[in-house]
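Here are the chains, one letter per residue:
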Amino acid sequence: MQIYIHIPFCTSKCPYCAFGSLANARGDLITSYFKALVFEIQHTLKSLTQKISTIFIGGGTPSSVSASFYEPIFTALKPRFNKNVEVTTEANPSSTSLSWLTQMRKFGVNRVSFGAQSFLPKKLKFLGRTHSVDDIFKAVEDAKHAGFRHINLDFIYGTKHDTRETLAAELRSLVSAKTDHISAYSLTIEEGTPFARRPHFANDDETLAKFVFDELAKFGYTQYEISNFARYGGKCRHNVGYWKGRKYIGFGAYAVGTLRGCFAGERCRFESPKNVADYIADPLAKSVEILTPQVVKDERMFLGLRSFVGVKRALLGHSECERAGVLVGEGLLCYDAKKATFYNTNYLLSDEIWLYIKGR
């Protein structure tokens, strides 16, 4: 069983961020939210018998609230942990501390993901980040001191400030932190964000993306998804579960999940209220989307082609297999006969490959 927990609080809202979050929330609102969150978790676990394999605490910024708020959450969850449970929390260098990390480690968190985003002061300011470059390195060292072996750094490229030269310098700083995982995201202009009014802020140049991929490979990071790179066994098992189409539970406002009872055995997607006050009023309220077999198949193909997971031959129809075979002949896919699975050889072409196989 996989679990996602959403913490919708931040110290400040980044201008590119479209995730559900509130900046500088009142203390009483945070208290009420966590009470509702604990209630939802306790109520849901009563009807489940599976062991928990992974947990991901995201947001928002989980490190923007005191570690004490998480204690009742882990009191409820810990009895369900399996032997090798992976528990990840997101955190920001500006709001984390050694004491916060140490306490979260005691609760059972064993993987931390820091929103570094850049190693250039000018670019950090452009992205609305409130931390410095030194803060990033201090956060990583604090995490190691607190006992974390698995540490991720998020990095953003594809902004108007990026060139091969600036990215090369940033990547050298990024890998010098010696973490076992890096997530590198191309800046996406999302609707409803301040950046939506400034589309020129993004530099959608695939040559820059390929440069980032190639440089990280030179530094020993293996790309296992279009935005994720790992070494020393640092893959994020929670995200791999998403890409493999495993069911999961989403707790908290804005959260999404697929593991609950549904109609006539159909696969469903459940969404919590996209409003903190509404969630607090009824933490068990969920909207339901019944997923058709075609939607499930499309998602499996799309995510499989963006990652090392690949696409099982059995998932494809006859004509789709033929088109996949054409791509194998052109070197754009490879086929593992033993696993009966097609694998993408160029994640930057994921969308195009997916549409071609589908016959569009």
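This text goes with the structure placed above it.
Right, let's walk through the structure included here. (Residues numbered from 1 in each chain as written. Predicted model: local features only at pLDDT ≥ 70, side-chain atom pairs only at ≥ 80, totals over all residues. Heavy atoms only, no water.)

### A word on the overall build of the chain
Note the threshold: Counting from the N terminus, the helices are the DSSP runs of H or I reaching at least four residues and the strands are the DSSP runs of E reaching at least two. Relative accessibility thresholds used throughout: buried, under 20% of the residue-type maximum; exposed, over 50%; partly exposed, between the two (1.4 Å probe, protein chains only). Areas reported as accessible are Shrake-Rupley estimates using a 1.4 Å probe. Residue values count occlusion only from the protein chains shown. Just so you know, the count uses Lys and Arg for positive and Asp and Glu for negative, and it drops His and the chain ends. Charge positions are represented by NZ for Lys, CZ for Arg, CG for Asp and CD for Glu.
The helix and strand inventory of the chain stands at twelve helices and 17 strands. With the C-alpha coordinates of the chain rotated into their principal frame, the extents come out at 60 × 55 × 45 Å. Counting only residues that meet the buried cut, the chain has 51% of its 360 residues in that class. Element-wise, carbon and sulfur atoms account for 53% of the exposed surface of the chain, whose accessible area totals about 16,600 Å². Positive and negative side-chain charges of the chain, numbering 47 and 35 respectively, have mean locations separated by a distance of 6 Å.

### Re unusual backbone geometry
Gly59 connects to Gly60 through a cis peptide bond whose omega is 20°. Note on placement: Gly60 falls in the loop between β4 (52–59) and α2 (71–77). Phi at Asn24 takes a positive value of approximately 55°, unusual for a residue other than glycine. Inspection of the secondary structure assignment puts Asn24 in the loop between β3 (22–23) and α1 (27–45). By relative accessible area, which is 63% here, Asn24 ends up exposed. In this structure, Lys178 takes a positive phi of about 60° despite not being glycine. We classify Lys178 as exposed; its relative accessible area is 62%.

### Things to note about the sheet that holds strand β5 (residues 81–91)
For clarity, the cut-off: Two strands are counted as paired when DSSP detects at least two bridges linking them. The angle between two axes is taken between their N-to-C directions and runs from 0 to 180 degrees, where each axis is a line fitted to C-alpha atoms and a helix contributes only its stretch in contact.
Here we have nine strands laid out as an open sheet, ordered β9-β10-β8-β7-β6-β5-β4-β1-β11, and mixed in their pairing. One side of each edge strand has no neighbouring strand; the edge strands of this open sheet are β9 (222–225) and β11 (248–251). If you compare each strand with its neighbour and ignore which way they point, the axes differ by 20° on average.

### Observations concerning helix α11 (residues 318–329)
Put simply, the rule reads: Multiplying 1.5 Å by the helix residue count minus one yields the expected span of that helix. By arc we mean the arc of the directions from the helix axis to the C-beta atoms, nothing more. The criterion used for residue contact is that any of the two residues' heavy atoms lie within 4.5 Å.
In this model, α11 (twelve residues) spans 17 Å end to end at C-alpha, consistent with the 16 Å of a helix rising 1.5 Å per residue. Among the residues making up α11, those that are buried are Glu320, Cys321, Ala324 and Leu327. Across the axial projection of α11, the buried residues extend over an arc of 115°, all falling on one side. Of the exposed residues in α11, the ones pointing more than 90 degrees away from its buried face are His318 and Gly329. Elements in contact with the buried residues of α11: α10 (293–305), β16 (333–336), β17 (341–344) and α12 (350–358). Count one or two residues on from α11 and you reach Gly331, which has phi positive near 80°.

### As for the sheet that holds β17
Taken in spatial order, the three strands make up an open sheet running β15-β17-β16, and their pairing is antiparallel. Where the open sheet ends on each side, the last strands, each with one partner, are β15 (311–312) and β16. In this sheet, β17 lies alongside β16 in antiparallel orientation, the contact comprising four bridges. Counted as the bridge partner of Asp336 is Thr341 from β17. α11 contacts β16 and β17 of the sheet and is inclined by roughly 110° relative to β16.

### Brief notes about the environment of Asp134
The residue Asp134 is located in helix α5 (residues 133–145) in this model. Each C-alpha atom, one on Asp134 and one on Phe119, is 8.9 Å from the other, the two residues being 15 residues apart in sequence.

### Remarks on the pairing of β5
Here is the rule: We call a crossover right-handed when, viewed with both strands directed away from the observer, the connection leading from the first strand over the helix to the second proceeds clockwise.
Summarising the sheet, β4 and β5 pair through five bridges and their orientation is parallel. What sits directly across from Ile55, in β5, is Val87. Crossover handedness for the path β4 to α2 to β5: right-handed.

### Observations regarding the side chain of Glu320
Counting through the fold element by element, Glu320 comes out in helix α11. Excluding residues that lie within four positions of it along the chain, Glu320 makes contacts with Lys297, Leu315, Ile357 and Lys358.

### Some thoughts on the pattern of salt bridges
We apply this condition: By salt bridge we mean one thing: a side-chain nitrogen of Lys or Arg within 4 Å of a carboxyl oxygen of Asp or Glu.
Counted according to the given criterion, the structure contains 14 salt bridges. Glu289 is paired through a salt bridge with Arg269; the nearest N and O atoms lie 3.2 Å apart. With Glu289 in strand β14 (residues 287–291) and Arg269 in strand β13 (residues 267–271), this pair connects stretches of sequence that are 20 residues apart. Residue Glu289 is classed as partly exposed on the basis of its relative accessible area of 35%. By relative accessible area, which is 16% here, Arg269 ends up buried. Asp298 is paired through a salt bridge with Lys358; the nearest N and O atoms lie 3.0 Å apart.

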